[in-house]
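Residue-level structural notes
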Amino acid sequence: MGAYRRPRHLDEALSVLARPHTVLAGGTDFYPARVGRVLDENVLDIGGIASLRGVAAGAQGWRLGATTTWSELIEADLPPLFDGLKQAAREVGGRQIQNAGTLAGNICNASPAADGVPCLLALDAEVEIAGSTGRRLPLRQFITGVRRTALAPGELVVAIHVPRPRHEARSAFLKLGARRYLVISIAMAAAALEVADGRVAAARIAVGACSPVAERLPALEAALVGAPCDDLANRVEIAQLAPLSPVDDVRGSASYRRHAAVILLRRLLAGFAP
Ligand SMILES: Cc1cc2nc3c(=O)[nH]c(=O)nc-3n(C[C@H](O)[C@H](O)[C@H](O)COP(=O)(O)OP(=O)(O)OC[C@H]3O[C@@H](n4cnc5c(N)ncnc54)[C@H](O)[C@@H]3O)c2cc1C
């Protein structure tokens, strides 16, 4: 095995990263990817850095620390804006995975089927990165492709930021798998709607597992603005799925995925009726 470091402070972690190290958080993607292989790389375990953990609310929005686990998110006192992300958290693996797996690990692993990604896109999340200089990127710019992110050598994710919406807001998430639980998504959809006077004031919709990176659907979002909340499901049209590029694989064909995305979106939006 290479070197194993578990610092307690971010500064120390960043100086460790001056030499090549693989970041380890909950390990629930890291270890399965190395089954049957010798662990010869240097590892930086960030699980002991207190400043990377937990959820905090501020005037501008919420800070979700990088090593916040799915279980901690489920338990956190958060408004209905986070209902969708909490729903996704309850469906990430089983309890053991939710207790170990982290939010940042999910986005850094950059799987097309990462359940957190469409939810965080619908929340307009930004990724806070530390390195030789700190920077923030919108999540969609942070994930650059399948298993690829904008992280440069020497950098790690310290937090995910969610801005406060202007109006009352709620979100929801739906996932389709080959069975109900413990399954990799065939397609999933997330929606965050801001509502004023019973009508949609702003909409952010994202679909995952139907393109290399989960995508927002701007045409559907535009079609929802101004609509009454009890009349959203039938505004979904196949043409609005143009940003998606589903593939055929063992879990489903491209055309099945496209069809599933439409059904998921309609069900998701029907759930916003008062
Ligand atoms: C049985 C099982 C079921 C699962 N079910 C689901 C599921 O239903 N839905 C789903 O989306 N996922 C699922 N997963 C995948 C996994 O649990 C999640 O993606 C989890 O959130 C990963 O977090 P982690 O902390 O364990 O990441 P790790 O395994 O520690 O790391 C994952 C990757 O991200 C990098 N990384 C982690 N944190 C940082 C950071 N702060 N900065 C920079 N790089 C970082 C690591 O270097 C590594 O490349 C499952 C996994 C297992 C084993």
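The structure we're discussing is the one just above.
Residues numbered from 1 in each chain as written. Predicted model: local features only at pLDDT ≥ 70, side-chain atom pairs only at ≥ 80, totals over all residues. Heavy atoms only, no water.

**Some thoughts on the site of the ligand**
The following threshold applies: In these notes, residues near a molecule or strand are those with any non-hydrogen atom within 4 Å of it. Whenever two N or O atoms come within 3.5 Å, that pair is a polar contact, provided that in protein one can donate a hydrogen and the other can accept it, and provided that, for residues adjacent in sequence, both atoms are side-chain atoms. Segments assigned H or I by DSSP are reported as helices when at least four residues long, segments assigned E as strands when at least two residues long, and all are numbered from the N terminus. For this classification, Asp, Glu, Lys and Arg are treated as charged, while Ala, Val, Leu, Ile, Met, Phe, Trp, Tyr, Cys and Pro are nonpolar and the rest, including Gly, are polar.
Neighbouring the ligand are 32 residues, the closest being Val23, Thr28, Asp29, Phe30 and Thr102. Between the ligand and Asp29 there is a distance of 2.6 Å, counted from an oxygen atom to a side-chain nitrogen or oxygen. At 3.0 Å, a side-chain N or O of Lys175 approaches an oxygen atom of the ligand. Among the elements of the structure, β2 (22–24), α5 (103–109) and β10 (156–163) are those that each provide at least two residues to the shell around the ligand. For the shell around the ligand, the element with the highest residue contribution is α5, accounting for five residues. In terms of residue class, the shell around the ligand is made up of 18 nonpolar, ten polar and four charged.

**Quick word on empty space enclosed by the protein**
It is the rolling of a water-molecule-sized probe over the atoms that shows where space remains empty. So the rule is basically this: Here a cavity means grid points, on a 1 Å grid over the protein atoms only, where a 1.4 Å probe fits yet cannot get out; a pocket means an open set of points with protein on both sides within 12 Å along at least five of seven lines; lining residues are those with an atom within 4 Å of a point. Grid points are joined across faces, edges and corners, and a volume is the space filled by probe spheres set on the points.
Overall, the coordinates contain one cavity of 30 Å³ or more when judged by the stated rule. Approximately 30 Å³ is the volume attributed to the largest cavity. Every residue lining the largest cavity is listed: Ala110, Ser111, Pro112, Val117, Ile143, Pro212, Val213 and Ala214. A breakdown of the residues in the lining of the largest cavity according to their chemical character gives seven nonpolar, one polar and no charged.

**A look at the layout of surface pockets**
Considering only enclosed or pocket space, the second largest pocket measures out at about 170 Å³ in volume. Lining the second largest pocket we find Pro80, Glu168, Ala169, Arg170, Leu193, Val195, Gly198, Cys229, Phe272, Ala273 and Pro274. Where the lining of the second largest pocket is concerned, the elements lending two or more residues are β11 (168–176) and β12 (187–196). By residue number, the principal contributor to the lining of the second largest pocket is β11, which donates three residues. Of the residues belonging to the lining of the second largest pocket, the class tally is eight nonpolar, one polar and two charged.

**Remarks on the sheet that holds strand β13 (residues 199–208)**
Threshold: Pairs of strands are assigned from DSSP output, requiring at least two bridges between the strands. Contact criterion: two residues are considered in contact whenever any of their non-hydrogen atoms come within 4.5 Å of each other. Orientation is described by axes fitted as lines to C-alpha atoms, over the contacting stretch for helices, and by angles from 0 to 180 degrees between their N-to-C directions.
Spatial strand order, β11-β12-β13-β14: four strands in an open sheet with antiparallel pairing. Unpaired on one side and paired on the other, β11 and β14 (215–216) mark the two borders of the sheet. Note that β12 and β13 share nine bridges and pair antiparallel. Counted as the bridge partner of Val195 is Val200 from β13. Strands β11, β12 and β13 of the sheet are contacted by helix α9 (residues 254–270), whose axis makes an angle of about 30 degrees with β12.

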